[in-house]
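# What the coordinates show
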Amino acid sequence: MSQLLHLGTSFVPSSSTALRRNPTSSPAIHISGNKRTTIQAKIREIFMPALSSTMTEGKIVSWVKSEGDKLSKGESVVVVESDKADMDVETFYDGYLAAIMVEEGGVAAVGSAIALLAETEDEIAEARSKANTSPSSSSPSPAAAAAPEKAVGAPEKAAPVKAAATVTVAKMASSAHPASEGGKRIVASPYAKKLAKELNVDLGNVIGSGPMGRIVAKDVEAAAAAGVSVAAEDPKPSPSSAPVKVPASTGIELGTVVPFTTMQGAVSRNMVDSLTVPTFRVGYTISTDALDALYKKIKSKGVTMTALLAKATALALVKHPVVNSSCRDGKSFTYNSSINIAVAVAIDGGLITPVLQDADKVDIYSLSRKWKELVDKARAKQLQPHEYNTGTFTLSNLGMFGVDRFDAILPPGTGAIMAVGASEPTVVATKDGRIGMKNQMQVNVTADHRVIYGADLASFLQTLAKIIEDPKDLTF
Amino acid sequence: MHSSLSLSFSSSTAIPRSGHSSELSCAAPPSPLNLRFCGLRREALGFSSPKRNDSCRVIVSSRGRSKKVSASVSDNGSAPKAFDYDLVIIGAGVGGHGAALHAVEKGLKTAIIEGDVVGGTCVNRGCVPSKALLAVSGRMRELQSEHHLKALGLQVSAAGYDRQGVADHANNLASKIRNNLTNSMKALGVDILTGVGTILGPQKVKYGKVGFSENVITAKNIIIATGSVPFVPKGIEVDGKTVITSDHALKLESVPDWIAIVGSGYIGLEFSDVYTALGSEVTFIEALDQLMPGFDPEIGKLAQRVLINPRKIDYHTGVFASKITPAKDGKPVRIELIDAKTKEPKDALEVDAALIATGRAPFTNGLGLENISVVTQRGFIPVDERMRVIDADGNLVPHLYCIGDANGKMMLAHAASAQGISVVEQVTGKDHVLNHLSIPAACFTHPEISMVGLTEPQAREKAEKEGFEVSVAKTSFKANTKALAENEGEGLAKLIYRPDNGEILGVHIFGLHAADLIHEASNAIALGTRIQDIKFAVHAHPTLSEVLDELFKSAKVHAHVPSPVGEPVTV
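Residues numbered from 1 in each chain as written. Chains lettered and ligands numbered in written order. Predicted model: local features only at pLDDT ≥ 70, side-chain atom pairs only at ≥ 80, totals over all residues. Heavy atoms only, no water.

### Notes on the overall build of chain A
Let me state the cut-off plainly: Counting from the N terminus, the helices are DSSP H or I runs at least four residues long and the strands are E runs at least two residues long. Throughout, exposure labels follow a simple rule: accessible area from a 1.4 Å probe, protein chains only, divided by the maximum for the residue type, with under 20% read as buried, over 50% as exposed, and the rest as partly exposed. Surface accessibility in these figures is a Shrake-Rupley result with a 1.4 Å probe; residues are shielded only by whichever protein chains are displayed.
Within chain A, the regular secondary structure consists of 10 helices and 18 strands. Taken over 476 residues, chain A has a buried fraction of 49%. Accessible area for chain A stands at about 21,700 Å²; split by element, carbon and sulfur atoms hold 56% of it.

### Considerations on the overall build of chain B
Put simply, the rule reads: Any two residues whose heavy atoms approach within 4.5 Å at even a single point are treated as in contact.
Looking only at helices and strands, one finds 17 helices and 23 strands in chain B. Burial analysis of chain B (571 residues in total) assigns 51% to the buried set. Put simply, 65% of the contacts in chain B that link residues at least 6 apart link residues at least 24 apart.

### So, the nonpolar core
Our working rule: To qualify as a nonpolar core, a set must consist of buried Ala, Val, Leu, Ile, Met, Phe, Trp, Tyr and Cys residues joined through side-chain atoms within 4.5 Å.
Among the nonpolar cores identified, the biggest contains 56 residues, and A:Leu308, A:Val323, A:Ile341, A:Phe393, A:Leu395 and A:Met418 are the most heavily contacted of them. The greatest single-element share of this core, amounting to 10 residues, is contributed by helix 8 (residues 305-319) of chain A. Excluding residues within four positions of it along the chain, A:Phe393 makes contact with A:Thr313, A:Leu317, A:Val323, A:Asn324, A:Asn340, A:Ile341, A:Ala342, A:Ala416, A:Ile417, A:Met418 and A:Phe460. The next biggest cluster of nonpolar side chains, apart from the first, holds 47 residues, and it includes B:Val118, B:Ala219, B:Ile381 and B:Ile403.

### Some remarks on the packing of aromatic side chains
Using the following cut-off: Planes of paired rings set the category: under 30 degrees apart is stacked, over 60 is edge-to-face and the rest tilted, where pairs are Phe, Tyr or Trp rings (Trp by its six-membered ring) whose centres lie within 6.5 Å. We call a charge positioned above a ring when the Lys NZ or Arg CZ atom is no farther than 6 Å from the ring centre and deviates by at most 35 degrees from the ring normal.
Tallied over the full model, the rule gives three aromatic pairs over all chains. Each ring, one from A:Phe333 and one from A:Tyr335, has its centre 5.6 Å from the other, and the planes form 0°; the classification is stacked. The positively charged end of B:Lys312 is found above the aromatic ring belonging to A:Tyr191, 4.3 Å away from the centroid. Across from the ring centre of B:Phe468, 4.0 Å away, lies the NZ or CZ of B:Arg498, which sits over that ring.

### Looking at the interface of chain A and chain B
Put simply, the rule reads: The quantity reported as buried area is the accessible area (1.4 Å probe) lost by two parts once they are put together, taken as the sum for both. The salt bridge definition used is simple: a Lys or Arg side-chain nitrogen within 4 Å of an Asp or Glu carboxyl oxygen. Polar contact is the term for a pair of N or O atoms within 3.5 Å; when the atoms are in protein, one must be able to donate a hydrogen and the other to accept it, and sequence-neighboring residues count only if both atoms are side-chain atoms.
Counting from both sides, the interface comprises 26 residues of chain A and, opposite them, 36 residues of chain B. When chain A packs against chain B, the two sides together hide about 2,300 Å² of surface, and 51% of this comes from carbon and sulfur. Our count for the contact surface shared by chain A and chain B stands at two salt bridges. The salt bridge involving A:Lys193 is made with B:Asp314; its shortest N-O contact spans 2.9 Å. The interface formed by chain A and chain B includes eight residue pairs in polar contact (both at pLDDT 80 or more).

### A closer look at the confidence of the model for chain A
Put simply, the test is: The predictor attaches a confidence to each residue, called pLDDT, with possible values from 0 through 100.
Within chain A, residue pLDDT values average 74, and 71% of them lie at 70 or more. This stretch, residues 134-176 of chain A, has a pLDDT under 50; its non-local contacts, to residues over four places away or in other chains, come to 77 contacts.

### Examining the environment of A:Lys59
Residue and element names in this part refer to chain A. You can see Lys 59 is positioned in strand 3 (residues 57-63). Classification of Lys 59 by relative accessible area gives partly exposed; the value is 36%. A C-alpha to C-alpha distance of 5.7 Å links Lys 59 and Val 80, two positions 21 residues apart in sequence. When neighbours within four sequence positions are excluded, Lys 59 is seen to be in contact with Met 48, Val 79, Val 80, Glu 81, Gly 105, Gly 106 and Val 107.

### Brief notes about the confidence of the model for chain B
All names here are of chain B. Confidence in the prediction for chain B averages 85 pLDDT; 84% of positions are at 70 or higher. Here residues 1-79 scores under 50 on pLDDT; set against residues more than four positions off or in separate chains, the count is 93 contacts. Contacts for the low-pLDDT stretch residues 563-571, under 50 throughout, to residues beyond four places or in other chains number 12 contacts. Model confidence for the complex is summarised by a pTM of 0.60, with the ipTM given as 0.71.

### Points about the side chain of B:His148
All names here are of chain B. For His 148, the position within the fold is in helix 6 (residues 146-152). Its relative accessible area of 12% is what places His 148 among the buried residues. A polar contact is formed between the side chain of His 148 and the backbone oxygen of Asn 487, at a distance of 3.2 Å. Excluding its chain neighbours within four sequence positions, the residues that come into contact with His 148 are Glu 486, Asn 487 and Glu 488.

### Describing the sheet that holds strand 14 (residues 345-351) of chain B
All names here are of chain B. Formally: We call two strands paired when DSSP finds no fewer than two bridges between them. Orientation is described by axes fitted as lines to C-alpha atoms, over the contacting stretch for helices, and by angles from 0 to 180 degrees between their N-to-C directions.
Sheet architecture is open: three strands sit in the order 12-13-14, paired in antiparallel fashion. Strands at the two margins of the open sheet, each flanked by one partner only, are strand 12 (319-325) and strand 14. Looking at each pair of strands side by side, their axes are set apart by 25° on average, direction ignored. Where strand 13 (residues 333-339) and strand 14 come together, six bridges link them in antiparallel fashion. Of the residues in strand 14, the one forming a bridge with Ile 335 is Leu 349.

### Looking at unusual backbone geometry
Residue and element names in this part refer to chain B. In this structure, the amide linkage connecting His 446 to the following residue, Pro 447, adopts the cis form with an omega of 0°. Mapped onto the secondary structure, Pro 447 falls in the loop between strand 19 (441-443) and strand 20 (448-453). Residue Pro 542 is bonded to the preceding His 541 through a cis peptide linkage, with omega at -5°. Mapped onto the secondary structure, Pro 542 falls in the loop between helix 16 (531-534) and helix 17 (546-554). With phi around 65°, Lys 343 is a residue other than glycine that occupies positive phi space. One can find Lys 343 in the loop between strand 13 and strand 14. The backbone of Ser 373 sits at a positive phi, close to 45°, despite the residue not being glycine. Looking at where Ser 373 falls in the secondary structure, it is placed in the loop between strand 16 (360-362) and strand 17 (388-390). The exposure class assigned to Ser 373 is partly exposed, which follows from its relative accessible area of 37%.

### Details of the pattern of salt bridges
Residues and elements named next belong to chain B. This model, assessed by the stated rule, comprises 34 salt bridges over all chains. Here Lys 106 and Glu 425 are joined by a salt bridge, their closest N and O atoms 3.4 Å apart. In this pair, Lys 106 sits in the loop between helix 3 (94-105) and strand 2 (110-114) while Glu 425 sits in helix 11 (residues 413-427), placing the two residues 319 residues apart along the sequence. Since its relative accessible area comes to 38%, Lys 106 is described here as partly exposed. Note that Asp 549 and Lys 553 form a salt bridge whose closest N and O atoms lie 2.8 Å from each other. In this pair, Asp 549 and Lys 553 both sit in helix 17, four residues apart, roughly one turn of the helix. Here the residues in one salt-bridge network are Asp 296, Glu 298, Glu 456, Arg 460, Lys 474 and Lys 494, joined through shared partners.

### Digging into the packing of helix 7 (residues 289-298) of chain A against helix 8 of chain A
Residues and elements named next belong to chain A. Basically, it comes down to this: Each angle is binned into one of four classes, with values under 35 degrees roughly parallel, values over 145 roughly antiparallel, values of 65 to 115 roughly perpendicular, and all other values oblique. The handedness criterion is simple: a crossing whose near helix is rotated anticlockwise from the far helix by less than a right angle is left-handed, and one whose near helix is rotated clockwise is right-handed. For this classification, the nonpolar set comprises Ala, Val, Leu, Ile, Met, Phe, Trp, Tyr, Cys and Pro, the charged set comprises Asp, Glu, Lys and Arg, and every other residue, Gly included, is treated as polar.
Where helix 7 meets helix 8, the closest approach of the two axes is 11 Å, and the angle between their N-to-C directions is 130°. In this view, helix 7 runs oblique relative to helix 8, as classed from their interaxial angle. Along this stretch, helix 7 crosses helix 8, giving a crossing that reads as right-handed. Across the interface between the two elements, Leu 291, Asp 292, Leu 294, Tyr 295 and Ile 298 of helix 7 pack against Met 305, Leu 308 and Leu 309 of helix 8. Here the residues of the contact of helix 7 with helix 8 are counted per class, giving seven nonpolar, no polar and one charged.

### Observations regarding a nonpolar patch on the surface
Residues and elements named next belong to chain B. This is how it is decided: To count toward a patch, a residue needs a relative accessible area above 30% and no salt bridge. Like charges then connect within 9 Å, nonpolar side chains (Val, Leu, Ile, Met, Phe, Trp, Tyr) within 5 Å.
A contiguous nonpolar surface patch, about 320 Å² in accessible area, is contributed by Leu 143, Leu 152, Leu 154 and Val 156. Tracing the backbone shows Leu 143 in helix 5 (residues 127-144). Look at Leu 143 and you get partly exposed, because its relative accessible area is 36%.

### Considering the pairing of strand 9 (residues 258-262) of chain B
All names here are of chain B. The condition that has to hold: Seen with the strands pointing away from the viewer, any crossover whose path from the first strand over the helix to the second strand runs clockwise is right-handed.
Across the five residues that make up strand 9, a large majority, five, are buried. Here strand 9 pairs with strand 10 (residues 281-286) via five bridges, running parallel. Opposite Ile 261, over in strand 10, you have Phe 284 as the bridge partner. One crossover worth recording links strand 9 to the parallel strand 10 by way of helix 9 (residues 266-277), and it is right-handed. Pairing analysis gives four bridges linking strand 9 to strand 15 (residues 353-356), with the strands arranged parallel. In the sheet register, Ile 259 faces strand 15, and the bridge partner there is Ala 353.

### Digging into the packing of helix 8 of chain A against helix 10 (residues 454-469) of chain A
Residues and elements named next belong to chain A. One can describe the packing of helix 8 onto helix 10 by two numbers: an axis separation of 9 Å at closest approach and a directional angle of 135°. Classified by the angle between their axes, helix 8 and helix 10 sit oblique to one another. In this structure, helix 8 meets helix 10 at a crossing whose hand is right-handed. Between helix 8 and helix 10, the contacting residues are Leu 309, Ala 312, Thr 313, Leu 315, Ala 316, Leu 317 and Lys 319 on the first element and Phe 460, Thr 463, Leu 464, Ile 467 and Ile 468 on the second. Looking at the contact of helix 8 with helix 10, its residues break down into nine nonpolar, two polar and one charged.

### Some remarks on the environment of A:Val445
All names here are of chain A. Its location among the elements puts Val 445 in strand 18 (residues 435-448). With 39 residues separating them in the primary sequence, Val 445 and Phe 406 have C-alpha atoms 9.7 Å apart. Setting aside residues up to four positions removed in sequence, Val 445 forms contacts with Phe 280, Arg 281, Val 282, Ala 416, Ile 417, Met 418, Leu 457, Phe 460 and Leu 461.

Encoded structure:
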């Protein structure tokens, strides 16, 4: 760490230092000049130096100087961590640190630009715009992909999403914590605060589920997952009974590596987390002629298919509370007091699960209105946290694409999710020996086997089939 | 006169042996001569037979000698005096224990007075049980670090722990070490006297349990080694359950979800290591502007990057906890923060528990210091560099010494022990001044932090004053083969030295097993070894100790001729 190095075209070794204790690295001069002859004379790039012969990438430990600071020859600018040691990197030119392109904690490949140095103050702005427009390095940086949120180029891409996320996560009186003084103060655990910073979640909009309404890590994660999905632009109006849309495929630059948005990162994490849950699947084929007939009849009253399916599922869950339970700690059943049906909705670049609360108790007309309201809110990015993170059972429907069967991944924290395929006319043999035509749909439930066993799901599905095939209870 | 005497008659008054009278303690068949002699002395001496049966040479032949014995026991004021003990130590902590052992080795008749449990803070409520907890936290960290394990090719399923099991480990360790300490003193013949020791006057101490009769003993020399207790600033209400000190925390009666630690010194740091490994989230409250005051700034910065930032820890610096109320009636622990400089209210926290780690206060109450007109300074007993107690008028109190936390010179268990040994050297006729700059200190986080001597700012200040040059050498654990084999390359060793003569001013290590590595440097400082000499010492390869080898070798000393070890270097 004592060694001082000079780097790149703009940085050469200083006479005072030598990598004495680091025999593998000949006094590490990173020579990269010829590649970068196009760089304008007055604005110089600061490159990630090669601090040892084995170093391929370096991590920025800290910026000794900040943007706009005047630098004079020989001053330390940045501390870089290599595979061997931390070293101060100093400049060989006078000038101004115009733009930092790799933030503290970020990783950059050896030879990629980590900052721009302007010779005069006037050139700072120019240098900054350069930093924002041009790819930071002439060689594609693998490190940029490795540390997306920090790496070169990522900030400007991520920025709109961040901004949107903070703005659009629904405004809520933050928590019921006694120390919150009516929402003025935010009470969040240290890790929750750290995560919020990392995931760009505004804690003011997160509801705490910890002791006394304190915001804990999982609240932030949930908010990050939900918030950004709402924030994603252009949520196409979802058909009421089939609220799924393919993300727009335009605007993708082929051959590039695009870092996850914050929300995609959260989804990714959730998906990996789901691997810790031992799930199994049970499928069932249900005739929908009666349900279709009912839907036709009450459609004019604003009833949607989503509401009908949610209602049917909720009524079945009343009889099978274990399917509405979840396993929080690996040791116990958590029987939920209410039946809240979450329905997965894909929106551009995101996924959100608006929740129909107490779907078993609310009548089908109110439920349909509620669903319409939720979809409107999702579109307007106004969903409040309790409207997307309180589901106890999830429905996912890909039927509108003609998908006849699929299986869903169980969202962590819940016990079961049901994948609903398209209802299609099918030739069936009936018990009385005839052949007939029936509309049939396949459903497939994924459940956490720690709490929900095969027989539980089987009998739940039997109940559900009965309700759907004889749907008079759905309308009371 | 080589005949033996028997002193097998007993009397009601027990006279403890003095240095002279013990020479009388022989047993042999009675002879008329001896009987007569003893008969003469009997009333005067009130002699009870010592229980030793070993025969020895009797040297009470001369009358003068007998007179001396009689004089000392009848306490008629004539010199020289005889004492119950050569050395009495008040407080059987690590400091007292170290002094007692060395005193026995030097042939002193020694007693140690303990009002609580043998072992003191370190063994019962400090270093020892905390090491048990840290051993657990270190392993938990390893098992939880998927990335680390994966790099080693290991697969471990989810690690868990049983709180009571962990707590028992700490408790069992403390009692084991306590027994070891007690037995080692008993085996050597140190008298362990139970009760609170109070100084009655020069060379006189009383002890006894509250409500029981008190015993008064005399001693040629007295060492105060009463130690310290956790310091709790005013405004903080400690209930032992949700607002706790290290005393309670070491029992590990609970692992709160969120604990605030007031003070980010080594006690706070170690507990943050334990609590975060066991799943708690931690908030540090530090009155100074930066965390880890007292550590070398560079080491502190690196330590913060490794021990604080990536963990579930946040912090408030530059604030005092002006008021802390324990959890009650379903309400959480409430902490009010004020700005350390302006005293303006700044913030309030509500957490599940608070650990007060704001340092330790000397425990000197009830010592009877007023009887010898000694006035404490902020509770500490003033001493000179030889641990001799200084009274209110600035004079030395003869035959009275104070070691360890009670004098506040360096509040470390091993420093107390070293001070005790130094005192014993002095009272046995060899002048000795302890070099506190050679005493190492360690913080047992994962990885560990250790240091000896001056920090870089201290060294530079001293250099400025005394007009010499200071250089700094550093090596990284990333360059050490053993550290890389362990996949623990995070770490730094730093040497602060005088390039003109090669004197080591300070060494600071942050990294794997730093606490064990520091001793090469502390021994070099203690023995006056210069860099130009120690750099030729050989280290086994590959070992972590090579970090220090590298460090010494990377230092640039201008001294041309290596000087023999221990000799002053001519500049």
